[in-house]
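# A structural walkthrough
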Amino acid sequence: MAANYNPKLIILTAPSGAGKTSITHFLLNHFPQLCFSISAATRQAREGEVNGRDYYFMSMDDFIQKIKDNAFVEWEMVYEGKYYGTLKEELERIWHLNKVPVLDIDVKGAIHVQQQYPQTTLSIFIEPPSVEELKKRLSARGTESEESIATRVNKASYEISFKHHFTKIIVNDVFDKACKEAEETVTKFLEN
Ligand code: 5GP
């Protein structure tokens, strides 16, 4: 392990459509000592996504082999048949750079990671202002079917019920305000 080994980590979690990815980008741009933790995923790459930058895209067989090899800190079937996971070696890679990994992962995965690093994790739950607003945002994206929106909205209510498991809850009603709050929270965390 490098002498400058830094075991801190930051998790951002939220129901789909709450704005967690935008807030994650804001934090990564704002703090040079943070580094995005690239997850493994079995879904197809979307247009513009790059293997090894957005995800480590892998086949189901390779993913199952990694589960058997105990290579994951956590993994989840986030959507029907689609697996996502945080690789232990990805966190090690970032810590060796003397940076703090930022994980953008689902609620169950976030709880699992936090249980493994309880003393050194900052976990931020991004809460939508209301389930109705979330539904509006998902519809406005125009990428989801009515059925997919209904599934995500139902899942969101369930996920919101776990919000008190996390270090900090930020309500994303006004994006700039939510970013400011996230910035202050991360600044304090990095200082300690
Ligand atoms: P997408 O397919 O839209 O990129 O991501 C779908 C969901 O999977 C998002 O909520 C994202 O945060 C979550 N996710 C991405 N990587 C991981 C991971 O490594 N573990 C878990 N548990 N969830 C992940």
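Residues numbered from 1 in each chain as written. Predicted model: local features only at pLDDT ≥ 70, side-chain atom pairs only at ≥ 80, totals over all residues. Heavy atoms only, no water.

### Details of the site of the ligand
As a matter of local geometry, the ligand sits amid 16 residues, with Lys-20, Ser-39, Arg-43, Tyr-55 and Tyr-84 nearest to it. Note that an oxygen atom of the ligand is positioned 2.5 Å from one of the side-chain N or O atoms of Lys-20. At 2.8 Å, a side-chain N or O of Asp-106 approaches a nitrogen atom of the ligand. Because more than half of its atoms lie within 2 Å of the grid, the ligand is assigned to the largest pocket. Among the elements of the structure, strand E5 (72-79) and strand E6 (82-87) are those that each provide at least two residues to the shell around the ligand. The element that contributes the greatest number of residues to the shell around the ligand is E5, accounting for four residues. Across the shell around the ligand, the residue classes break down as five nonpolar, four polar and seven charged. (Near = heavy atom within 4 Å. Polar contact = N/O pair within 3.5 Å; in protein donor to acceptor, adjacent residues only side chain to side chain. 1 Å grid on protein atoms, 1.4 Å probe; cavity = no way out; pocket = protein on both sides within 12 Å on 5 of 7 lines; lining within 4 Å. Sits in = over half its atoms within 2 Å of the grid points. Helix = DSSP H or I, 4+ residues; strand = E, 2+ residues; numbered from the N terminus. Nonpolar A, V, L, I, M, F, W, Y, C, P; charged D, E, K, R; others polar.)

### Some words on the packing of aromatic side chains
Tallied over the entire structure, the rule returns eight aromatic pairs. An angle of 65° between the planes, with centres 5.8 Å apart, marks the rings of Tyr-55 and Tyr-84 as edge-to-face. With Tyr-55 in strand E4 (residues 55-57) and Tyr-84 in strand E6, the pair connects residues that are 29 residues apart, well separated along the chain. Like Tyr-84, Tyr-55 is buried. With centroids separated by 5.1 Å and ring planes inclined at 75°, the aromatic side chains of Tyr-158 and Phe-162 adopt a geometry described as edge-to-face. In textbook terms, an aromatic cluster arises when at least three aromatic residues are bridged by ring pairs, as seen for Phe-63, Phe-72, Trp-75 and Tyr-83. One cation-aromatic arrangement involves Lys-8 over Phe-189; the distance from NZ or CZ to the ring centre is 5.2 Å. (Phe/Tyr/Trp six-rings, centres within 6.5 Å; stacked < 30°, edge-to-face > 60°. Buried < 20%, exposed > 50% of the residue type's maximum accessible area, 1.4 Å probe, protein only. Lys NZ or Arg CZ within 6 Å of the ring centre and 35° of its normal.)

### A look at the environment of Ala-14
For Ala-14, the location among the structural elements is in the loop between strand E1 (9-13) and helix H1 (20-30). Considered as a pair, Ala-14 and Ile-169 are 155 residues apart in the sequence and their alpha carbons are 9.7 Å apart. Those residues in contact with Ala-14, other than ones at most four positions away along the chain, are Lys-20, Ile-105, Val-107, Phe-125, Ile-126 and Glu-159. (Contact = heavy atoms within 4.5 Å.)

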